Amino acid sequence: RRDRKEALLPLSKERNEGLKIMQTLRRIALLSTLLVSVYSIGETFNTKITVTPPRQACIDDQWNRPCPYTYVSAKTNSGDIPPDHPCPCPANGEPGGGIYNPTGKVTQPNPDQSFFEDYVLIDGFDNPIDFSFSDSTNELYVATRPGLIWYVNLDTGLKQIFADLTQEVGMSGDRGLMSIQTTPDFENTRQILALYTVNPDPSQGEPNLESAANQRLIRLQDQGNGNINPNFRLTLIGPGAWDGVPVCYNTHAVGSVRFGLDGSLFVSTGEGAHWNFDFGDFGQNAAFTYDANNQPVPSLDVQCDTHFASQDVGSFRSQVYNSLGGKILRIGSTSGDGICPGSAEGQGYAIKNPYCDNSNGQSIASRIWSLGVRNPFRMTVRPLLKNEPGNAGPGIVFFGDVGQGGYEEINAAKSASGGDNFGWPCWEGPNPTPSFRDSPFNHALNPKTSGCPGIDGQCGPITTPALLPNGDRVTCPYMYYNITTTTPFFFYSRFPPNDNAGYFSENAYTGQGMNGASTAGLQFYTGSSYPPEYYGALFIMDYSDMWIRVLHLDDQVNYDYMQDFAQLIYTPPTDGGKVTLATGPNGDICYATLNGGEIRCFRYKAVNVAPTPVISYRDLPQAMGIAFSSDGTFDRENDPMIFLWDFGDGQTSNLPNPTHVYTTPGQKTVVLNVTDKFNNLGTQTLVLTAGNKRPVVSIATPVQSGEKMVYYQSLQQVFNFSAAIQDEDVSSCQVFWELQFVHYNHIHPDQTVYPGTTFSIVVQNLPREDVTNERVDLKMVLHVIDNQGLESTDYILIAPSNVATIYPNHAPSCVFVSNEGYMPLTAGQPVRFDAQQSADPDNDRIDWTWLFGENTATATGVTATHAYAAPGSYKVTLLCVDNFGASTNTTATIQVNPAISLPPVSSLGGAGNYQVFEDTGVVLATVETTATIYYTLDGSTPTTASTAYTGPIDIAFVPFTNAVLSAISATAGKQNSPVQVFNISIVYPPCNSMALSVYGTLVCVNSVVPLDNSSLLVVPYSPGVQTLTPPTDMSLRRDFSISYLNGQVDSTLNSASAQTRTHLWINQGASVGSTVTARVRYDFNGDGTWDRIETFNDFAPDPIASTFEQYDQLDPTKRFFAISGSQTYQPLVNGSIDLTIWNSIPPQPNNLHDPLTVRVGASPPLATPQLSGIAIPYNCYHLHTNNPTTSYSNPTSVPTSTSTSTSTSTSTSTSTSATQTSTSQSTQTSTSTSTSDLDTGSNLPSADSCSSASDTSSSVSRTVTESVPNTNSNADGGGIPSKPATQSSTQSGLSQEENAGNALMASYLWLGATVVMALARM
């Protein structure tokens, strides 16, 4: 066995001779242990993938036999290849290399799929192929394959072109601007790197597919806001015409540019070789092609030899040290030098590159970090995870290597000092590469053959052999025996489970439960918004099969297991094309849709995800008629959905697929809103021009046969292409033809573009791929774009007439399932159809066409959705056609039922809008017993991620605020109920009814309950008759007052013509001849002046002992004895009211009387409750305001109550003190009638109606503040109370702090008034 570095460094002639002797000795000795390594020297097996070691029988026999499965041996004149090197053993030692008993782990499902939302971050790009987020500035740069770099500010939405490289970039084939990367310290440097293929002569248009090209890496700078610095540009690789990375065919170009952990720069490069040579590309030149006159001309393939000289070694560029192709390069980010001791920039790095030419940092070998790769399109560097120690090196490079025959590889350059060799072109996945393993070019530079397959003269000769620094020619047998290679970190098959032949008749199926054909992106997740099991995992993407999966790693950074993540959706008219994975500023995994022009990301929401709407349309025969379609709209949870279309002209529709006729031409913005059963909203917008119809196009010639197939009889046949176009202005249409390669199950777009409505071409001048074992045909796509940007397409497939002989074809199996979401399926709800179980036995591309059985509704793609507008039975047909015209179809019947939805949620507290005056428990209900109610209190639309209703909802008493309670109900099998919104106004209790307090105050009857224990207040007799004015002696009368009243006159209040009304319970025992008089005074604005004085008619109590009577004039015309001052009521702004009661006519004789008493406070538990008070004609509340001029007429600021309000609530409240905890529960239904009918207590607001449940609990302690009446009076003996002197009486159960808090709260509330409140709670 050779040490890797010993094998790869230059060897002397003597050592080479010694090597040959050692090889001979090894053939003679019993080397079974040694020969295990012939599989690939030093490679280890990870049985968690699928591989098993080679079988001993193959190991023992490999020196004694020719390779019995040499697939090209029949094409050589010399017979079997001489066994001068061992025949490598495949993974299980069986001829053909099949893995029949895989031992690895099958991919696991994604348990979190329903919680990830695939959303559009930004769109509107032409072929976005790579993108890079800035480190901390929330800016994004997007590279498009034609050569534009776009700038996007994600904070401001600014989007503009940063750099236009289209005149430098050559994008024929799979080439173009391939990668960009912002610098790690972007906030300071604002620099961007760009990696691309150079167009050698832009004046000639795009270079020919077979022409050689240079590839370049440059560094640009943003001056700010996406404006390029015109004075800054550094070229790091390929500054000259032909001194960069070579590419000698239309694919396998440069891949990615990414920064290492230490600030060095990694660049991945393809080997730029022919992928379509039967014998493998060893550097032999394709001999000739044909010109327009059908004359042979030298092939452009010779350009590779002309421009790159010693690098013209085909796929073996990946193994030699004089070419940058087929490598992972590591360079300095400011000079492009290799990280080597001999380069100035390399001095600052602890880890140097493995093949340094110490005298020349610009040398090719000095820049190489890893080698042996084919097409490393995308690359990433594993970041340091939390709690991992720092690393002085560049980190581990992970890259996806697009395969040729059987496998796609995910490789990891884990060697700390570099130098990993990944084995291409002689190894692919776990097996030798058949076309290279068995090629006659392994043994001769110009082997004799019995004819060259195809027309390209690919049989040689080889003029430039691939040489190692020691002078050895590197071939596959040489590699199998001499070079240590690194096994793939992970690999997967290109072939589906039912394909038993596989590529080159060698089964490549791995049994992983999945397959793909073009690895297109990989990225580590290090964010915090996804579930923790994703942290540190590697996300990978496949271009052809359009999936994203997750590779989970163990603690040693080895592959552990694979998990499904997302099957990306095919959305017509784009054709797949999902590329590149990266992390956004918030850590989300993002990707680009190459043909869709979008940057999309996956957002994790631990809730139900919103639907993803899709809009398409077709023209109707009417002049401005359009048939809109939501087909393609899907919900990841398959929830029922509600559609709402806005056609942009004031008209709407809730049908899933409506038709609409515009009445005026011009631009219209169409919006589709789709809401799922949990009220998650998805929105899509489309701008169209009413009156402008899409062009109607078809390919007129050549005439098609079969499933859009056109066959040619010979290479000299001429095809005349012509387009049939119908449009209002055909002359203004842009018309071009795009030639695509259909390569097995995927497409290589934009191979060649032909402008015009007609053109002719000789078949042999089409960039064909005649490859014996490559299933390839051509797809010619006609594009017609009108002057409004509407595009229509048509296509044909081109193949030789003997295609059935060249490529024996088998029809695909056509299988689909429908996911009908919540059963039963109802009208208006999309059905998702999935044909991913379909397969083609030849691994050909399948085109799917869906006929939904409803009108003319159709769709294309492997998945589709369709919403049926009406109930019924529908026959769905799926047609599957491969790219050689073989087809099958299958049908199924879908039963659509009438839509069922839940009724709205109801509230026992009110039907939509109501007021509350206290802490309230709102009760919700739904008639559907199986449904769950979800609600919000912030005005947002509720979903099933909102709070689930489990009992009364507490509405805290914060006066003059509003609570918006929104609720839905949801259950399986039915649509969600509509959103029910309850607008709750939280206000102070109305204060149009007041009660007398034992402390000499008027108290709003809803403010404090109970007011006090019932008391009897004695009113002394006054000498003489005083029916108009009360005694001036304050001791002979009783005064009650309230201040800081604010509100408006309300003529609807009180049954007595909107006037003040007294309601006094009085008893004078058996005394006769006595009367009582009451007076009410108003100070409207709180300035100390009584603006209106009302003296009520006197009242003569009956001489009946122990019986209280009502002092309440029912006749409004006889109510007042006198009114002075203002004759009308004015608004109250911090106003005051004073009630005075006195004995106006003493009983006769004076010495025979009982005391006059007035009941104040709450009445005792009598059959008829008795509560003395007054009612005023105001809609007002009791609250001090610092703005006495404010008019409280705005109903949003001051409560405006109706004559009747009803509330029902169930509440639970808890009061906790230092010594006790009490909890009271009450279910209460009350009717609050805002009138002055004080005839009975039942007509007053009940004591509980404006108080919380804890207020009525006898166990709740409270602090009472007593007011000492103010003796300062005005001329008539009344007065505006000054700030009360208070005496705080502490009741049991309250701590010292709570008592102090209660007293402080009382002071704040009343601000010096004489009003006394017993606080309900703190």
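Up top is the structure.
So, here is what we can say about the structure in this document. Remember, predicted model here, so these are calculated numbers, not experimental data. (Residues numbered from 1 in each chain as written. Predicted model: local features only at pLDDT ≥ 70, side-chain atom pairs only at ≥ 80, totals over all residues. Heavy atoms only, no water.)

## Quick look at the overall build of the protein chain
Looking only at helices and strands, one finds eleven helices and 76 strands in the protein chain. Pairs at least 24 residues apart make up 68% of the contacts formed inside the protein chain by residues separated by at least 6 positions. When the accessible area of the protein chain is evaluated, it comes to approximately 49900 Å², of which 52% is carbon and sulfur surface. (Helix = DSSP H or I, 4+ residues; strand = E, 2+ residues; numbered from the N terminus. Contact = heavy atoms within 4.5 Å. Areas by Shrake-Rupley, 256 points an atom, 1.4 Å probe, with all protein chains shown as cover.)

## Brief notes about the sheet that holds strand S28 (residues 598-604)
What the four strands build is an open sheet, ordered S1-S28-S27-S26; its pairing is antiparallel. On the outer flanks of this sheet lie strand S1 (116-123) and strand S26 (578-583), each paired with one strand and no other. Sheet twist, expressed as the average angle between the axes of neighbouring strands with direction ignored, equals 30°. Note that S26 and strand S27 (residues 589-593) share five bridges and pair antiparallel. Pairing of Leu581 across the sheet is with Tyr591, part of S27. (Pairing = 2+ DSSP bridges. Axes fitted to C-alpha atoms, helices over the stretch in contact; angles between N-to-C directions.)

## Let's talk about the layout of surface pockets
Its volume calculated, the second largest pocket comes out at about 770 Å³. Lining the second largest pocket are 29 residues, with Ser132, Phe133, Gln181, Gln523 and Thr583 positioned closest to its centre. Counting residues per element, the ones that place at least two in the lining of the second largest pocket are strand S2 (128-133), strand S6 (177-182), strand S10 (254-259), strand S16 (378-381), strand S22 (519-524) and S26. Of the residues belonging to the lining of the second largest pocket, the class tally is twelve nonpolar, 14 polar and three charged. (1 Å grid on protein atoms, 1.4 Å probe; cavity = no way out; pocket = protein on both sides within 12 Å on 5 of 7 lines; lining within 4 Å. Points joined across faces, edges and corners; volume = space filled by probe spheres on them. Nonpolar A, V, L, I, M, F, W, Y, C, P; charged D, E, K, R; others polar.)

## As for the packing of aromatic side chains
Tallied over the full model, the rule gives 54 aromatic pairs. Judged by centre distance (4.8 Å) and plane angle (65°), the ring pair of Phe116 and Phe565 falls under edge-to-face. Separated by 449 residues along the polypeptide, Phe116 in strand S1 and Phe565 in strand S25 (residues 559-567) bring together distant segments of the chain. For Phe565, a relative accessible area of 4% gives the class buried. Taken together, a centroid distance of 5.8 Å and an interplanar angle of 70° make the contact between Trp737 and Phe759 edge-to-face. Of this pair, Trp737 sits in strand S39 (residues 734-743) while Phe759 sits in strand S41 (residues 758-762), placing them 22 residues apart in sequence. Comparing Trp737 with Phe759, the two get one shared label, buried. Taken together, Phe115, Phe116, Tyr525, Tyr530, Tyr534, Phe539, Phe565, Tyr591, Phe602 and Tyr604 form an aromatic cluster joined through their ring pairs. Taking NZ or CZ as reference, Lys386 lies 5.1 Å from the ring centre of Tyr535, over its face. Here the basic side chain of Lys708 rests over the ring of Tyr795, its NZ or CZ set 5.0 Å away from the ring centre. (Phe/Tyr/Trp six-rings, centres within 6.5 Å; stacked < 30°, edge-to-face > 60°. Buried < 20%, exposed > 50% of the residue type's maximum accessible area, 1.4 Å probe, protein only. Lys NZ or Arg CZ within 6 Å of the ring centre and 35° of its normal.)

## Topic: empty space enclosed by the protein
If you walk through the whole model with that rule in mind, you get 17 cavities of 30 Å³ or more. Here the largest cavity is characterised by a volume of approximately 430 Å³. Lining the largest cavity we find 27 residues, and of these Asp174, Thr251, Asn375, Tyr543 and His748 sit closest to its centre. For the lining of the largest cavity, the secondary-structure elements that each account for two or more residues are S22 and strand S40 (746-755). Considering each element in turn, the lining of the largest cavity owes the most residues, four residues, to S40.

## Some thoughts on the environment of Asn442
Tracing the backbone through its elements, the reader meets Asn442 in the loop between helix H8 (434-437) and helix H9 (476-482). Assessed through its relative accessible area of 6%, Asn442 is described here as buried. C-alpha separation for the pair Asn442 and Val474, spaced 32 residues apart in sequence, amounts to 8.6 Å. Within the structure, Asn442 has its side chain in polar contact with the backbone nitrogen of Cys476 (distance 3.0 Å). (Polar contact = N/O pair within 3.5 Å; in protein donor to acceptor, adjacent residues only side chain to side chain.)

## Some details on the pairing of S10
Within a regular strand, side chains alternate between the sheet's two faces. Buried residues dominate S10, accounting for six of its six residues. Looking at chain direction, S10 and strand S11 (residues 265-269) are connected through four bridges and run antiparallel. Bridge assignment links Val254 to a residue of S11, and that residue is Thr269. Between the antiparallel neighbours S10 and S11 lie five residues, among them Gly263 with a positive phi of about 90°.

## Some thoughts on the nonpolar core
In this structure, Leu217 and Phe539 are the most contacted members of the largest nonpolar core, which totals 78 residues. Setting aside chain neighbours within four positions, we find Leu217 in contact with Leu193, Ala194, Leu195, Leu234, Thr235, Leu236, Ile237, Val257, Leu265, Val267 and Ile331. Counting 33 residues, the second largest nonpolar core, distinct from the first, contains Phe1099, Ile1141, Ile1174 and Ile1176. (Core = buried A, V, L, I, M, F, W, Y, C linked by side-chain atoms within 4.5 Å.)

## Some details on the state of the cysteines
On inspection of all chains with the given rule, the structure shows six disulfides. Note on cysteine connectivity: Cys248 is disulfide-linked to Cys304, with sulfurs 1.8 Å apart. Looking along the S-S bond of the Cys248-Cys304 disulfide, the torsion reads about 60°, which is the right-handed sense. With Cys248 in the loop between strand S9 (234-237) and S10 and Cys304 in helix H6 (residues 302-308), the pair connects residues that are 56 residues apart, well separated along the chain. Among the residues examined, Cys248 registers a relative accessible area of 4% and is labelled buried. One disulfide bridge connects Cys814 with Cys880, the sulfur atoms lying 2.1 Å from each other. Taking the sign of the S-S torsion, 75° for the link of Cys814 and Cys880, the bridge is right-handed. Placement of Cys814 in the loop between helix H10 (803-806) and strand S44 (817-819) and of Cys880 in strand S49 (residues 872-882) is noted, with a sequence separation of 66 residues between them. Like Cys880, Cys814 is buried. For Cys1180, which is in no disulfide, the shortest distance to another cysteine sulfur is to Cys991 and amounts to 5.2 Å. (Disulfide = S-S within 2.5 Å.)

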